[in-house]
Amino acid sequence: MRHKLKDALASSKGGCEKTSLALAHFHASIKKGVDAVRFFELARNAGIEANTVSTSNAAYHIALLHRNGCGDLPPSNSLSIEWITRAATDGSDSCWMILGDWHMQNAQNLPTDTRYSETSDSDHDDQEQPSKNSFQERSVKLALKAWSTGAKRDNLECILRLASHYMQQKNFQAALKMYQRGSDKFQDPECVRMLAQVHSVMVSEVIEDGCVVAGSNSADHVVESSSMGETRLLKKRKRNADQLLKDASDSDEADGDFSSWSASKIVSQYLKYCNLAATQDDTSSLLSLASSTSTGLKNSSSETPLLSRDTPRALSLYLKAFEKGAPPASLYAAAKLLFEGSENLARDRVRAMDLFLVAARAGCGQFARLGDLLAHGNEEDTGQSEVESRMRAIKVYEEGCSAGEAECFVKLGDCFRLGLGCEKDIFKAFGLYERGVRMFGDAQATERLAFCLHHGEGCIKDKRRSRALLESIGRKDVEM
């Protein structure tokens, strides 16, 4: 009787949808899932008759109830998929994204209410239940289909999800098309940033010994950042371009076939999107541009540069990247450009030294290298007298020791043992060598410690321990 009264109230004239929705939300709040679903269905049916937005809204809530369960309503993957599909077809474009997400979750974490066989399809030709692998493959296909439908209806989230999936699959052609759509339609910063990344990958795929090679083959490269802050493109292996750049399932434009692009087009597209992303302070684009402009790009089949070397711009890009949050290696790279100089960038080693120190303090390390530059540099390089430079080098070595840089213990120990830039103190030197061995097992520190023990510098002579230390690093005698 109570249910009949509620149904009559919900279906009464002049407020059927609102009343049904209110009753549905009320029952959901008190964990009466079955009743909540019933009233949401009433609201949806009323919405269909009245042609209002309540249809997709109600179907969406029903899908959530089945997805998560609610009191007397157990979770059901199949029913949640069914209802979120209805919500999407009812007109909620965002539900296409959710539908794709749920299918992808099913592919990664098999739902408990789905029946599948533990055996593969090849084990039993007449089996009715799908195997785990076939279920996962089907779920991925359904997810891509849902996102594709949402993308065609200009849903940005679906576009981004499709593009991300294609990037993971190294299907750069399809990813490029999705990000291009998001950029053109919504001017979305994420799409612009990713377009820059895709084109950066494209350039790295066809760089060989500093030259851009466009043709039937491309080289697969690995991008590595060295401790010096340089970005190197290392050729890992060659592979047919058609295998790497797979055709997108919905792409038949000849212009999207990377393997047919000329070297100049690859570089021009790369510069277009990286420059655009750089204006939005995207650090990866700033670093990519800095690396390219610091060396330049040329075509292997022509002497005409595709991108001229521009070290002043590379310097400003590295500095801006660090300012916007890039790793301290970017500042080290800027310092290296200043230290070396070029035909269009005046050498400024005094400023370079300051940048090296800031980069080291920010976490890049290389205190020992900077200390060496100061200790052995002339007044023109350091802006200080030889004595002042050596004293500054000692302070840098001390900072390196505090930062846990093993080589600095050896360098600072040598300064005290030989009296370079400080008063000679063989006891301090011995202590530094000993710490280098104890803390890091450093081979150079071990060698220096063995020397001190052999000759009794800063310690009591102990040739037996000296020999043991040398044997631990594969040495037989002391030569210093």
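Residues numbered from 1 in each chain as written. Predicted model: local features only at pLDDT ≥ 70, side-chain atom pairs only at ≥ 80, totals over all residues. Heavy atoms only, no water.

Novice: What is the right way to look at the confidence of the model for the chain in this model?
Specialist: Any region with low pLDDT has predicted coordinates that should not be read closely. Mean pLDDT for the chain: 80, with 78% of residues reaching 70 or above. Ignoring residues within four places in sequence, the model shows residues 116-127, a span with pLDDT below 50, making 20 contacts including any to other chains. Taken as a whole, residues 214-255 scores under 50 in pLDDT and shows 93 contacts with residues more than four places along the chain or in a different chain. (pLDDT = per-residue confidence, 0-100. Contact = heavy atoms within 4.5 Å.)

Novice: How do you make sense of the nonpolar core when you look at a structure like this?
Specialist: If you look at soluble globular proteins, the nonpolar side chains tend to sit buried side by side. By size, the foremost hydrophobic cluster in this structure holds 122 residues, and its most contacted members are Ile84, Tyr179 and Phe356. The leading source of residues in this core is helix 15 (residues 329-340), at nine residues. (Core = buried A, V, L, I, M, F, W, Y, C linked by side-chain atoms within 4.5 Å. Buried < 20%, exposed > 50% of the residue type's maximum accessible area, 1.4 Å probe, protein only. Helix = DSSP H or I, 4+ residues; strand = E, 2+ residues; numbered from the N terminus.)

Novice: In this structure, what is going on with the pattern of salt bridges? I would like to understand it.
Specialist: Opposite charge on two side chains permits them to pair, given that their charged atoms come into close proximity. Per the stated rule, a full pass over the model turns up 21 salt bridges. In this structure, Glu190 and Arg193 form a salt bridge, with 2.8 Å as the shortest nitrogen-oxygen distance. Here Glu190 pairs with Arg193, and both are found in helix 10 (residues 189-205), just three residues apart, close to one helical turn. Residue class for Glu190 comes out partly exposed when judged on its relative accessible area of 32%. A salt bridge links Lys320 to Asp281; the nearest nitrogen and oxygen atoms lie 3.4 Å apart. (Salt bridge = Lys/Arg side-chain N within 4 Å of Asp/Glu carboxyl O.)

Novice: Help me understand unusual backbone geometry in this model?
Specialist: Negative phi is the rule for most residues except glycine; trans is the rule for most peptide bonds. Phi is positive for Asp154, close to 60°, though the residue is something other than glycine. You can call Asp154 partly exposed: its relative accessible area is 33%.

Novice: It is not clear to me how the packing of helix 6 (residues 94-108) against helix 8 (residues 156-168) should be interpreted in this structure. Could you clarify?
Specialist: Axes are the key here: two packed helices are described by the angle between their axes and the distance separating the axes. Running from amino to carboxyl end, helix 6 crosses helix 8 at an angle of 30°, the nearest separation of the two axes being 9 Å. Note on packing geometry: the crossing formed by helix 6 with helix 8 is left-handed. Only Glu157, Cys158, Arg161 and His165 of helix 8 make contact with helix 6, whose side of the interface consists of Trp96, Met97, Asp101 and Met104. (Axes fitted to C-alpha atoms, helices over the stretch in contact; angles between N-to-C directions. Left-handed = near helix turned anticlockwise from the far one by under 90°.)

Novice: Any chance you could explain the environment of Ala107 here in plain terms?
Specialist: Its location among the elements puts Ala107 in helix 6. Distance from Ala107 to Asn133, taken between C-alpha atoms, is 8.9 Å for residues 26 residues apart in sequence. Not counting residues within four places of it along the chain, the set of residues in contact with Ala107 comprises Gln136, Ser139 and Val140.

Novice: How do you make sense of the state of the cysteines when you look at a structure like this?
Specialist: Here a disulfide denotes a covalent bond joining the sulfur atom of one cysteine to the sulfur atom of another. Within this structure, the stated rule accounts for zero disulfides. Cys158 takes part in no disulfide bond, and the closest cysteine sulfur, belonging to Cys95, lies 9.9 Å away. Residue Cys158 is classed as buried on the basis of its relative accessible area, which comes to 0%. (Disulfide = S-S within 2.5 Å.)

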